[in-house]
Amino acid sequence: QPYHALELALANERRAQKFLERIARARGTPREVKKAATEMAAEEREHVRLIQDWMKRVPRPAKDWDRDPDPPALAD
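The notes below deal with the structure included here.

What counts as what
- Residues numbered from 1 in each chain as written.
- Predicted model: local features only at pLDDT ≥ 70, side-chain atom pairs only at ≥ 80, totals over all residues.
- Heavy atoms only, no water.
- Axes fitted to C-alpha atoms, helices over the stretch in contact; angles between N-to-C directions.
- Helix = DSSP H or I, 4+ residues; strand = E, 2+ residues; numbered from the N terminus.
- Parallel < 35°, antiparallel > 145°, perpendicular 65-115°, else oblique.
- Left-handed = near helix turned anticlockwise from the far one by under 90°.
- Nonpolar A, V, L, I, M, F, W, Y, C, P; charged D, E, K, R; others polar.
- Expected span 1.5 Å × (residues − 1).
- Buried < 20%, exposed > 50% of the residue type's maximum accessible area, 1.4 Å probe, protein only.
- Contact = heavy atoms within 4.5 Å.

**Comments concerning the packing of helix α1 (residues 2-25) against helix α2 (residues 31-57)**
For the pair α1 and α2, the least separation of the axes is 8 Å and the interaxial angle reads 160°. Considering the angle they form, α1 stands roughly antiparallel to α2. Judged by the sense of rotation from one axis to the other, the crossing of α1 with α2 is left-handed. Per-class residue counts for the contact of α1 with α2 are 16 nonpolar, four polar and eight charged.

The following block contains the structure:
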């Protein structure tokens, strides 16, 4: 479902943001790398916001979206 795809994208954007923030805060990280990581983390934060906004416009799937009314029949 489209909503599920957005949930996956959101989780990955958050994960990337946290990763980059850790790099920016890490001791011993060169100044240029910290600067780049900080900028990239800000971009990931914006992606998180965009996906959250998008999710508000996409209908949530019904709770039973994955129910199969005609499950496969297997013969033993």
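**Topic: α1**
The end-to-end C-alpha distance of α1, which contains 24 residues, comes to 35 Å, matching closely the 34 Å that a straight helix rising 1.5 Å per residue would cover. Regarding α1, the residues found buried are Y3, L6, L10, E13, Q17, L20 and A24. On the buried face of α1, the contacting elements are α2.

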